[in-house]
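# Structure at a glance
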Amino acid sequence: MRTDVLGVGFDNLTLEEAVAEGAALVEAGGFHYAVTPNPEFLLAARRNEPFRRVLLNAHLVLPDGIGVVYSAKILGRPLRGKVPGIDFAQGLAAWMAGHGRRLFLLGAKPGVAERAAANLAAAYPGLTVCGAHDGYFQDDGPVVEAIRASAADVVFVCLGAPKQELWMAEHGPATGASLMIGLGGALDVFAGVVERAPEGFQRLGLEWLYRLMKEPRRIGRMAKLPLVLFQAAGARLSGRGNQA
Ligand code: UDP
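Keep in mind that this is a model prediction, so the values were computed, not measured.

Cut-off values and rules
Residues numbered from 1 in each chain as written. Predicted model: local features only at pLDDT ≥ 70, side-chain atom pairs only at ≥ 80, totals over all residues. Heavy atoms only, no water. Buried < 20%, exposed > 50% of the residue type's maximum accessible area, 1.4 Å probe, protein only. Helix = DSSP H or I, 4+ residues; strand = E, 2+ residues; numbered from the N terminus. Pairing = 2+ DSSP bridges. Right-handed = clockwise from strand over helix to strand, strands pointing away. Core = buried A, V, L, I, M, F, W, Y, C linked by side-chain atoms within 4.5 Å. Contact = heavy atoms within 4.5 Å.

## What about the pairing of strand E7 (residues 154–158)?
For E7, the tally of buried residues reaches 5 of 5 residues, placing the bulk of the element in the interior. The alternating pattern of E7 places Val-154, Phe-156 and Cys-158 on one face and Val-155 and Val-157 on the opposite face, and all of these are buried. In the sheet, strand E5 (residues 102–107) pairs with E7 via 5 bridges, with the strands oriented parallel. Each bridged residue has a counterpart across the sheet, and for Leu-106 the counterpart in E7 is Val-157. Across 4 bridges, the pairing between E7 and strand E8 (residues 179–182) is parallel. What sits directly across from Val-155, in E8, is Met-180. Taking the sense of rotation as the criterion, the β-α-β connection linking E7, helix H8 (residues 163–175) and E8 turns out right-handed.

## With respect to the nonpolar core
Side chains of nonpolar character tend, in soluble globular proteins, to be buried together. Grouped together as the largest cluster of nonpolar side chains are 39 residues, with contacts concentrated most on Leu-106, Ile-147, Val-155, Trp-167 and Met-180. The residues touching Trp-167, leaving out its near neighbours within four places in the chain, are Leu-106, Phe-137, Asp-140, Val-143, Val-144, Ile-147, Leu-159, Gly-172 and Met-180. Listed in part, the 38 residues of the second largest apolar core include Leu-25, Cys-158, Ile-181 and Leu-187.

Structure representation (structure tokens):
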């Protein structure tokens, strides 16, 4: 049973459990995809039904950040903790390195995925990064074919939301991959283009604050965090929060 937070069901897992579940999906064969919704996703999904459906149909739905965790708490059905997409991706990369699985990186500006590939291969000895492609393509066909030709098991799909989720659901099955994960700006972090918040900020649930200090122009997007908390409080008070 998933934990409903404003219309999106989340898997209530720790990071370790989520990585184990991801590994199991890879081993199961067939196509699966994982999503990592943050407060922005929750608000977008309320206005965008196809997006919401793709989130609901995902095989793994992980709370990417403290905003979702607080909302769940306000709604009276706490999650065990945040599972940041980046941490999930790193955990899975470590598992893949030890199990001979192949990783493809899709997204970000030209050159970024290749740099991320080099950094990940260095960080996880034994990891096979079998291909990389930027996220600014016009035709889907050649990208699907590149993933298929690479015989990737896992694809990190970093096109921003909701594009990446819709892309995974529509094109994923044709790629032959077992697991695709929508990871937003993760390749920029892996490539060293964007710096992640220091651990102290991460532990305190203040990663968003660090990002805001670094990139003040994100204030409009960040304002969605309090907005989603207000919506959660409203849903709780009106009793709607009890709906699954
Ligand atoms: N991006 C892309 N193709 C697009 C639009 C965006 O590859 O058509 C990339 C962009 O370069 C960035 C990532 O998608 O690397 C999204 O970053 P954002 O900061 O929006 O993601 P977040 O982590 O905040 O969800």
